[in-house]
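Residues per chain are reported as follows:
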Amino acid sequence: MLKEEHEVVVLGSGAPQSAAPATTTVINIRGDTVVPDHVVWSLFNTVFMNWCCLGFVAFSYSVKARDRKMAGDLTGAQSFASTARCLNIWALVLGLLLTVTFVILVSTGSLVIFETVSEMVKHYGGS
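Note that the structure is predicted; figures quoted are calculated from it, not measured.

Caption draft 1: Main features of the overall build of the protein. Along the backbone of the protein there are 3 helices and 2 strands. Put simply, the protein runs from its N terminus to its C terminus through helices and strands in the order β-β-α-α-α. Looking at the protein residue by residue over its 127 residues, the buried ones come to 19%. If you take every contact in the protein between residues at least 6 apart in sequence, the share linking residues at least 24 apart comes to 52%. Split by element, the accessible area of the protein, about 9,700 Å² in all, is 66% carbon and sulfur.

Caption draft 2: Seen up close, the environment of S62. With respect to the secondary-structure elements, S62 resides in helix α2 (residues 54-71). With residues up to four places along the chain from it excluded, the contact list for S62 reads D37, H38, V39, S42 and A84.

Caption draft 3: Structural view of the packing of helix α1 (residues 39-48) against α2. Between α1 and α2, the shortest axis-to-axis distance is 8 Å and the interhelical angle comes to 160°. Comparing their axes, α2 and α1 come out roughly antiparallel. Between α1 and α2 the crossing geometry is left-handed. Contacts from V39, S42, L43, N45 and T46 of α1 reach α2 at G55, F56, A58, F59, S62 and R66. A class-by-class count of the residues in the contact of α1 with α2 yields 5 nonpolar, 5 polar and 1 charged.

The rules we used
Numbering of residues starts from 1 in each chain and follows the order in which that chain's sequence is written. For this predicted model, a pLDDT threshold of at least 70 governs which residues receive local features, and a threshold of 80 or more governs which side-chain atom pairs are given and counted, while totals over whole chains, interfaces and linings are taken from all residues. To get the side-chain values, take all heavy atoms of the structure and skip hydrogens and water. Secondary structure elements are taken from DSSP: a helix is a run of H or I of four residues or more, a strand is a run of E of two residues or more, and numbering for both begins at the N terminus. Note on exposure labels: buried denotes an accessible area under 20% of the residue type's maximum, exposed denotes more than 50%, and partly exposed covers the range between, all computed with a 1.4 Å probe on protein chains only. Residue contacts follow a heavy-atom distance rule, with two residues in contact if any of their heavy atoms lie within 4.5 Å. Only the protein chains shown count as cover for residues, with accessible areas throughout obtained via the Shrake-Rupley method and a probe of 1.4 Å. Where helices are involved, their axes are fitted lines through C-alpha atoms of the stretch in contact, as for all axes, and angles between N-to-C directions lie from 0 to 180°. Angle categories are assigned with fixed cut-offs, so that under 35 degrees is roughly parallel, over 145 is roughly antiparallel, 65 to 115 is roughly perpendicular, and the rest are oblique. Crossing chirality is assigned from the near helix's rotation relative to the far helix, an anticlockwise turn below a right angle marking it left-handed and a clockwise turn marking it right-handed. In this classification, Asp, Glu, Lys and Arg are treated as charged, Ala, Val, Leu, Ile, Met, Phe, Trp, Tyr, Cys and Pro as nonpolar, and every other residue, Gly included, as polar.

Here it is, written out as structure tokens:
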């Protein structure tokens, strides 16, 4: 919380400046608290890396975090944003692992198929 202090001096009619009472006013200014809602990241995971629907669940938590932030509930927004972030991390990691595993399986599978076909051509005496 930011605090600003202002001294207000009230001057009386004809009274010297040093004899005037000084009052202090403290104004609490609420800063614009930034709560990341991870909507773009969640949308990316929903579209491209939606492993076990984690991207979609993260997207729903991100939307809840944005709604809570707009309603002024920063604690609830931070809670939903934290859950969305965790789900986004899991969706990204599992999606990358699944993609890398798929690429490895496809590349090794195509090599095995190529070797099998070449052995069959040698064994059965292709032209």
